[in-house]
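Listed below are the residues making up each chain.
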Amino acid sequence: MSTATLAPSTPSRPAPVQQWRAGTLPRFVAAGLTGNLAHAVVFLLLQVWTPIPVAVVNVTATVFSTLVTNEMHRRFTFPGAAGTPWFHGHGVGGAAALLGVVLSTAALTAWHHLVPGASALSGLLLVHAVTGLVGLANFLALRTVLRPRAAGAA
């Protein structure tokens, strides 16, 4: 079979190394740290100054920080994704946040059960450790979903 009869190959998606500049991971971490700071402020304020149960405090702080972080990822971390629909980034980020809040709330509840009277700071550190692991999975998912569109792609 001659090569003249073969259809021209269609370009495949670029490899992740070619697709994203080297600064993507540091920008992801910076956005995540900003979200963690937002979470910490809300978590500590609610935990210290309200009688709200710790699980509700964590969920409230997570919702707030998720909105902040997801929008930072759309605008700052993956700037080539400007043409990606809003709900793609927030949908994946929201799913990761849901997983993170379930796992972190379970860990936090267990922590307060095992260590009665545990400080708000120790609970916050535990939450951030768990969500850090979930954040790694979120980074990999967002790299796929917030991929810049190829020129001429429909």
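Residues numbered from 1 in each chain as written. Predicted model: local features only at pLDDT ≥ 70, side-chain atom pairs only at ≥ 80, totals over all residues. Heavy atoms only, no water.

Right, let's talk about the overall build of the protein chain for a bit. Helix and strand counts for the protein chain stand at 5 helices and 0 strands. Sequence-ordered secondary structure for the protein chain, helices as α and strands as β, is α-α-α-α-α. Each of the 154 residues in the protein chain was classed as buried or not, and the buried ones make up 36%. Residue pairs in contact within the protein chain that sit at least 24 positions apart in sequence constitute 73% of those at least 6 positions apart. (Helix = DSSP H or I, 4+ residues; strand = E, 2+ residues; numbered from the N terminus. Buried < 20%, exposed > 50% of the residue type's maximum accessible area, 1.4 Å probe, protein only. Contact = heavy atoms within 4.5 Å.)

With respect to the helices and strands, serine 65 occurs in helix α3 (residues 54-77). Assessed through its relative accessible area of 8%, serine 65 is described here as buried.

Once that is clear, we can look at the pattern of salt bridges. For the structure shown, the criterion picks out 1 salt bridge. A salt bridge links arginine 75 to glutamate 71, with the shortest nitrogen-to-oxygen separation between them at 2.6 Å. Taken together, the positions of arginine 75 and glutamate 71, both in helix α3 and 4 residues apart, correspond to about one turn of that helix. By relative accessible area, arginine 75 is classed as exposed at 64%. (Salt bridge = Lys/Arg side-chain N within 4 Å of Asp/Glu carboxyl O.)

Examined against the element boundaries, glycine 100 turns out to sit in helix α4 (residues 86-114). The exposure class of glycine 100 is buried, given its relative accessible area of 4%. Sequence-distant contacts of glycine 100, defined by excluding residues within four places in its chain, comprise Thr105, Thr131 and Val134.

A few words now on the nonpolar core. Counting 10 residues, the largest nonpolar core consists of Ala40, Val42, Phe43, Leu46, Val54, Val57, Ala61, Leu108, Leu124 and Val127. Mapped by element, the contributors of at least two residues to this core are α2 (24-49), α3 and α5 (120-145). Among the elements that line this core, the one with the most residues is α2, at 4 residues. Counting 5 residues, the second-largest nonpolar core is a separate cluster that includes Phe28, Phe78, Val92 and Phe139. (Core = buried A, V, L, I, M, F, W, Y, C linked by side-chain atoms within 4.5 Å.)

Moving on, we come to the packing of α2 against α3. Here α2 crosses α3 at 155°, and the two axes come no closer than 8 Å. By the angle between their axes, α2 is roughly antiparallel relative to α3. Read as a crossing pair, α2 and α3 show a hand that is right-handed. Classifying every residue of the contact of α2 with α3 gives 13 nonpolar, 13 polar and 1 charged. (Axes fitted to C-alpha atoms, helices over the stretch in contact; angles between N-to-C directions. Parallel < 35°, antiparallel > 145°, perpendicular 65-115°, else oblique. Left-handed = near helix turned anticlockwise from the far one by under 90°. Nonpolar A, V, L, I, M, F, W, Y, C, P; charged D, E, K, R; others polar.)

Our focus in this paragraph is the confidence of the model for the protein chain. Looking at the protein chain, the pLDDT average stands at 76 and 73% of residues meet or exceed 70. Averaged pLDDT values for the elements of the protein chain fall to 42 in helix α1 (residues 16-19) and rise to 90 in α2. Residue range residues 1-19 is modelled with pLDDT below 50. Its contacts to residues more than four positions away, or to other chains, number 8 contacts. (pLDDT = per-residue confidence, 0-100.)

The subject of this paragraph is the environment of glycine 94. Relative to the helices and strands, glycine 94 is located in helix α4. The partly exposed category is assigned to glycine 94, whose relative accessible area is 28%. Here the alpha-carbon distance between glycine 94 and threonine 62, two residues 32 residues apart in the chain, equals 10.0 Å. With sequence-adjacent residues up to four places away left out, glycine 94 is seen in contact with Thr66 and Asn70.

The next point concerns the side chain of threonine 62. By the element assignment, threonine 62 lies in helix α3. Residue threonine 62 is classed as buried on the basis of its relative accessible area of 12%. Once residues within four sequence positions are removed from consideration, threonine 62 is found in contact with His39, Ala97 and Val101.

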